[in-house]
Amino acid sequence: MDKEGRYNGNKAGEAWAIALSEDGQYLGSTSYDGRINIWDVFANGAKIREFETKGSFGMAIDLSLDGRFTASGHENGSVYIFSNDTGRLLHSLPGLVNSVRSVAFSPGGKLLAAAGHSKVIALYDVSSGEQVANLLGHGAWILSLDWSDTGEFLLSGAFDGKLKVWSIDQRACVATHTETDMALWSVKWLPKIGRSEGFATAGANRSISLYREATGG
Amino acid sequence: MIGHLPWAPDGVGTPSESAPAPRPNVLDANSTELSSPTVRVANQLVISKIENQVAAIAAEFLLQEEISIMIKTKKAAARSAQADCEYEAVESLVQFPGRAAQETWRFTVLLRILDLLHEALMKGTVVSKRNIYYQDPSLFKKQAIVDRYVDALAFTFRVQRANLNVTAAAKGLVIGNFRVIGGNGTILHIDSQYGARLINDMYDQKAIDCSGIAWVLVVEKEAKGYPDLSSRAFLHLLSTPSELCAVPPLIFVLVDFDPDGLAIMSNYKHGSWNTSHENAQLNVPGIRWLGLRSQDLFNGTDAYEPERPGLLPLSKRDRKMAKKMLEKPAMREMGREGEWRREVQVMMMIGFKAEMEIMDSHEGGIAKWAEDRLMDELARL
């Protein structure tokens, strides 16, 4: 970073959402004017990709586990998938009309989940760009998504405090938690301990909550 | 191009052909004579200052020296300014013709404003900055230029803007039941049955009998409007303990949920940069925030409907303004206004702003909503 806080031509305060690749090598960020930047952390932070989009505020970003793809979600409902290898736009995904707050690649990299103010979670096939499912159930803006390790489940948190667990196989909600009615800004699956799943949430009720699946013995 | 000077100083020739304007009578506090223009004693001081400035220009002109006006502006005090409005005075000389066209223009603007102010002061009339601007829009180019230079002149002459006989266009209205006592002892009865009164009409307020007032609600409804000085002075008076107002009423403010709304509230409470030399007589440090807050927006059944009327995305300007606000001393982490800070942050994260009209979806509309909130607040005390 230079003296004026400029990093590779970007000013401080321009980045909104960020994501790191699994191995920590690539860092992606969105900006208020819809640009997506990818930096190579191991190569001294050199910017390796800059994707321009139609200029709508970039609110969400994710990198696939293998580092090959970047997905972004925007204020105008756009969802894009870029190839980091070729630097080209692969797909502009339809379906979400309102602001997209969260995008998340499945662990296997086959699916992309996207959600936001439309209150539905859209699932897309990464290679074809086709929408394969719509998960309905939330009554408020969805702010955060996270996949479980195996890709069996998707976790979502919304502005009304509701936390939902979705089964990808069944394409349906299998659990809803309502501990708080204040916005859940971030939800994350926790590493599996033994056989039980767990997740953590943080939000406007000023606390971090931890959930652990109750097991038989 | 120098504008027409309506006045010729004694003993010094001027290029103008005009005859000296008649001198007005200074209004004696006890006098009711209004046969000639009324000029308050405070105004007389400013008239003298303007005339001295112009005399100096004329002298320089005759000596074939470069003519100039010395103007003081405010610069933010170096680091650690605890108050929002700590400033240093910076003197600069604006010369004619100066070093570049820009300076020539600045001199012309200043002189023209001095001319218009002098005229108003001599006539005993009150002008608004808008009036001034429309006298010569091609010279002034933008309203903001007039605003800035009038403030700079007030600061340079060390007078309150009101003593230049300049007000922002009269905007504030008041409705209620109370009495205002004017500087000359007159009593003005404000009665709600007659509807709203322009606060500007009560220009010369000296005291307010607030014995019948339980609370005051300030509703800020001009888009991007900032309170005019008369409104601020009125509220300041209402909030200051005095003989006729031993226990000042609680003052609440209702603004839109957007950066401008919060800036307006800050203006009432802490004052503004431009009038920071007058802040003590204008601030309402005890003003309370009735709404709108983010939590007020998401209660109804239609809270998350797409295209919800009244909920607008933040513009680039909004975000820029919000970011700037977060840097103000009072709004910093651990600053005085922690609640405001949090709400600005929430606003930026949500990405939306809302006008107070959004509460019309409430049963009974925004008036009922405001009333309910007010009653809640009063009950809590």
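Remember, it's a predicted structure, so these values are computed and weren't measured experimentally.

**Here we look at the sheet that holds strand β4 (residues 46-51) of chain A**
Adjacent strands of a sheet form backbone hydrogen bonds with each other and so pair up, either parallel or antiparallel. Residue and element names in this part refer to chain A. Across the sheet, which stays open at both edges, the 4 strands sit in the order β1-β2-β3-β4 with antiparallel pairing between neighbours. Single-partner strands in this sheet number two, and they are β1 (15-20) and β4. Within this sheet the neighbouring strands show an average axis-to-axis angle of 20 degrees, counted without direction.

**As for a nonpolar patch on the surface**
Judged by side-chain polarity, L20, V41 and F42 of chain A come together as a nonpolar surface patch covering roughly 310 Å² of accessible area. Along the chain, V41 of chain A turns up in the loop between β3 (36-40) and β4.

**Examining the interface of chain A and chain B**
At the interface, 17 residues of chain A touch 16 residues of chain B. A buried area of about 1,400 Å², summed over both sides, lies between chain A and chain B, and 61% of it is on carbon and sulfur atoms. For chain A, the biggest contributors to the area lost against chain B are W16, W141 and F159 of chain A; these three give 33% of the whole. At the surface where chain A touches chain B, the tally comes to 1 salt bridge. The partner of K119 of chain A in a salt bridge is E305 of chain B, and the shortest N-O contact between them spans 3.3 Å. Taken together, the links from chain A to chain B amount to 3 residue pairs in polar contact (both at pLDDT 80 or more). The residue inventory of the side of chain A that touches chain B, partitioned by class, reads 8 nonpolar, 4 polar and 5 charged.

**Some points on the state of the cysteines**
Each disulfide consists of a covalent bond between the sulfur atoms of two cysteine residues. Residues and elements named next belong to chain B. Scanning the entire structure with this criterion turns up 1 disulfide over all chains. Shown here is the disulfide that connects C210 with C245, its sulfur atoms set 2.0 Å apart. Judged by the sign of its S-S torsion, about 100 degrees, the bond between C210 and C245 is right-handed. Of the two residues, C210 is situated in the loop between β9 (205-209) and β10 (215-219) and C245 in the loop between α6 (229-239) and β11 (250-254); the sequence distance between them amounts to 35 residues. Accessibility assignment for this pair places C210 and C245 in one class, buried.

**Observations concerning the UniProt feature "repeat: WD" (unreviewed entry) in chain A**
Residue and element names in this part refer to chain A. Under the local residue numbering, the UniProt record ascribes the feature "repeat: WD" (unreviewed entry) to residues 17-41, 93-134 and 135-176. Helix makes up 0% of residues 17-41 and strand 60%. Its end C-alpha atoms lie 17 Å apart. This span, residues 135-176, is 0% helix and 55% strand, and a straight line between its end C-alpha atoms measures 13 Å.

**Observations regarding the side chain of H236 of chain B**
Structurally, H236 of chain B is set in helix α6. Apart from the residues within four sequence positions on either side, H236 of chain B is in contact with A280, Q281, L282, N283 and V284 of chain B.

Cut-offs and rules
- Residues numbered from 1 in each chain as written.
- Chains lettered and ligands numbered in written order.
- Predicted model: local features only at pLDDT ≥ 70, side-chain atom pairs only at ≥ 80, totals over all residues.
- Heavy atoms only, no water.
- Pairing = 2+ DSSP bridges.
- Helix = DSSP H or I, 4+ residues; strand = E, 2+ residues; numbered from the N terminus.
- Axes fitted to C-alpha atoms, helices over the stretch in contact; angles between N-to-C directions.
- Patch = residues over 30% accessible without salt bridge, like charges linked within 9 Å, V, L, I, M, F, W, Y side chains within 5 Å.
- Areas by Shrake-Rupley, 256 points an atom, 1.4 Å probe, with all protein chains shown as cover.
- Salt bridge = Lys/Arg side-chain N within 4 Å of Asp/Glu carboxyl O.
- Contact = heavy atoms within 4.5 Å.
- Buried area = accessible area lost by both parts, 1.4 Å probe.
- Polar contact = N/O pair within 3.5 Å; in protein donor to acceptor, adjacent residues only side chain to side chain.
- Nonpolar A, V, L, I, M, F, W, Y, C, P; charged D, E, K, R; others polar.
- Disulfide = S-S within 2.5 Å.
- Buried < 20%, exposed > 50% of the residue type's maximum accessible area, 1.4 Å probe, protein only.
- UniProt positions renumbered as here; feature names shortened; annotations may be inferred.

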